[in-house]
Amino acid sequence: MIWRVAAVLVVLFWAVMSGLLVRDVYFPEASRFAAVPPRMVIDLFLRQSEVFGSTLHLHHHRERIGHASFQISRRIKPNHQTVYDMLARGMVEQPAELGGHGIEASWSVACILADAERWQHLKLEAQFPARDASLKMVWSEEHATPGVLVKHGDRVIMNSQDVKLLLGSGKDGALAMLSMLGGGMPKAGASPEATQLRAREGLMQFAGRERKCFVLTLPLFGPHEIQMIFTEAGELARIDLPDGYALLEPTIHGLQEGAR
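None of these values were measured; they are calculated from a predicted model. Each chain carries its own residue numbering, running from 1 in the direction its sequence is written. Given that the model is predicted, a residue must reach a pLDDT of at least 70 before its local features are reported, and side-chain atom pairs must reach 80 or more before they are shown or counted; all residues, however, enter totals for whole chains, interfaces and linings. The side-chain figures draw on all heavy atoms in the structure; neither hydrogens nor water molecules are used.

Colleague: Can you explain the overall build of the protein chain? Please cite residues and give values.
Modeller: Secondary structure follows DSSP: runs of H or I at least 4 residues long count as helices, runs of E at least 2 residues long count as strands, and numbering of each begins at the N terminus. Regarding its fold elements, the protein chain presents four helices and 14 strands. Split into buried and exposed, the 260 residues of the protein chain put 44% on the buried side. The Shrake-Rupley method, run with a 1.4 Å probe sphere, supplies the accessible areas, and residue values consider only the shown protein chains as cover. A total of about 14,000 Å² of accessible surface is found on the protein chain, and carbon and sulfur atoms cover 54% of it. Exposure classes here rest on a 1.4 Å probe applied to the protein chains alone. A residue is buried below 20% of its type maximum, exposed above 50%, and partly exposed in between.

See the structure below:
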């Protein structure tokens with residue numbers, strides 16, 4: 001059911017943005033990757049993205065299920081702080097066995113990174129046209145908890161107060177599902193540094209060829225993380241997501257012939 005999925009997404013988002021379920025995940029000591037400043041990697045992407053855009057294919061394991069675009073911009077706030085605006089938006093296509101190439105869902109994620117090092121603001125929106133449903137979640141560092149709104153048509157199915165009740169009930173199924181995903185229960189006193197971005201450089205295989213790359217790691221709930229992989233020239237090659245999902249740049253990965 002879409003509402004069960006929405007409930008799990010909301011609980012996960014709540015946990016992530018509260019900074020309570022995040023833990024540090026480092027590369028093994030034997031890794032060939034050496035640490036570099038995250039700002040250096042993002043600035044490298046900015047320089048090349050002025051000429052080349054970033055259009056990505058969404059895959060689940062080996063199956064292509066949609067597409068997305070990705071962009072970053074840099075600005076200086078009135079208090080002289082440098083922030084980076086990230087925007088990703090895309091579509092999830094209906095499975096072929098359900099009747100073709102219609103839209104299963106459209107989504108967008110917008111976030112602000114302070115000094116290219118930590119989360120400052122995050123907004124997630126998703127639309128499910130076939131079900132006349134929508135999901136919106138917004139968090140900023142000025143607020144302890146995020147705002148949540150799940151709707152079916154004009155009817156509100158879940159809001160921020162409902163999520164508070166979910167998190168307050170140890171018997172609720174959503175919390176059990178969260179535990180199964182590896183998040184566990186919130187731990188007081190989690191390290192603030194655990195929410196910061198990290199970057200490393202090294203060598204990886206792209207389309208059968210070894211190339212120098214940079215890996216930007218964004219920590220998530222429990223043992224999970226997002227890894228953004230850039231080429232030496234600053235091109236965004238792929239974004240690895242939890243549970244077998246990935247966004248791939250088709251040219252770098254030799255996927256042009258598989259494009260629909």
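Past the structure itself, the notes keep going.
Colleague: Mind laying out the pattern of salt bridges, listing which residues take part and the relevant values?
Modeller: It is possible for side chains of opposite charge to pair when their charged atoms get near one another. Any carboxyl oxygen of Asp or Glu within 4 Å of a side-chain nitrogen of Lys or Arg constitutes a salt bridge here. For the structure shown, the criterion picks out eight salt bridges. Between arginine 39 and aspartate 115 there is a salt bridge, with the nearest N and O atoms lying 3.7 Å from each other. Within this pair, whereas arginine 39 is found in helix α2 (residues 38-49), its partner aspartate 115 is found in the loop between β5 (103-114) and β6 (118-128), the two being separated by 76 residues in sequence. The partly exposed category is assigned to arginine 39, whose relative accessible area is 33%. Residue class for aspartate 115 comes out partly exposed when judged on its relative accessible area of 24%. Linking glutamate 201 and lysine 212 is a salt bridge whose minimum nitrogen-to-oxygen distance equals 3.5 Å. Linking glutamate 201 in strand β10 (residues 198-206) with lysine 212 in strand β11 (residues 209-219), this pair joins segments that are eleven residues apart in sequence. Relative accessible area serves as the criterion here: at 23%, glutamate 201 is assigned to the partly exposed category.

Colleague: So what's going on with unusual backbone geometry? Residues and values would help.
Modeller: Its identity is not glycine, yet histidine 61 carries a phi of approximately 60°, on the positive side. Relative to the helices and strands, histidine 61 resides in the loop between β2 (55-60) and β3 (63-76). Here histidine 61 falls in the exposed class, since its relative accessible area comes to 59%.

Colleague: Now, about the confidence of the model for the protein chain: what can you tell me, with residues and values included?
Modeller: Values of pLDDT, ranging from 0 to 100, describe the predictor's confidence in every residue of the model. The share of residues in the protein chain with pLDDT of 70 or more is 67%, and the mean pLDDT across the chain is 74. The contact rule is simple, with two residues in contact once any of their heavy atoms fall within 4.5 Å. Counting contacts from residues 170-190, a segment whose pLDDT is below 50, to residues more than four positions away or on other chains yields 32 contacts.

Colleague: Quick rundown of the pairing of β3? Include the residues and the values.
Modeller: Any two strands are treated as partners once DSSP identifies two or more bridges connecting them. In terms of strand pairing, β2 meets β3 through six bridges, oriented antiparallel. Paired with threonine 55 across the bridge in β3 is serine 69. Hairpin connection between β2 and β3: a loop of two residues separates the two successive antiparallel strands, and histidine 61 in this loop has a positive phi of roughly 60°. Sheet topology places β3 next to strand β4 (residues 82-93); eleven bridges connect them, and they run antiparallel. Note that in β4 the partner of alanine 68 across the bridge is glycine 90. The loop that links β3 with its antiparallel partner β4 comprises five residues; one of these, histidine 80, has a positive phi angle of about 75°.

Colleague: Can you tell me about α2, naming the residues and giving the values?
Modeller: To estimate how far a helix should extend, the number of its residues minus one is multiplied by 1.5 Å. Across its twelve residues, α2 extends 17 Å between first and last C-alpha, which sits within 8% of the 16 Å expected from 1.5 Å per residue. Regarding α2, the residues found buried are Pro38, Val41, Ile42, Asp43, Leu44, Phe45, Leu46 and Gln48.

Colleague: Go over the environment of tyrosine 245, please, and point to the residues and values.
Modeller: Along the chain, the position of tyrosine 245 falls in strand β14 (residues 245-248). A relative accessible area of 34% means that tyrosine 245 is categorised as partly exposed. Taking the C-alpha atoms as reference points, tyrosine 245 and histidine 60, separated by 185 residues in sequence, lie 4.5 Å from one another. If sequence neighbours within four positions are ignored, tyrosine 245 has contacts with His59, His60, Ile65, Ile239 and Asp240.

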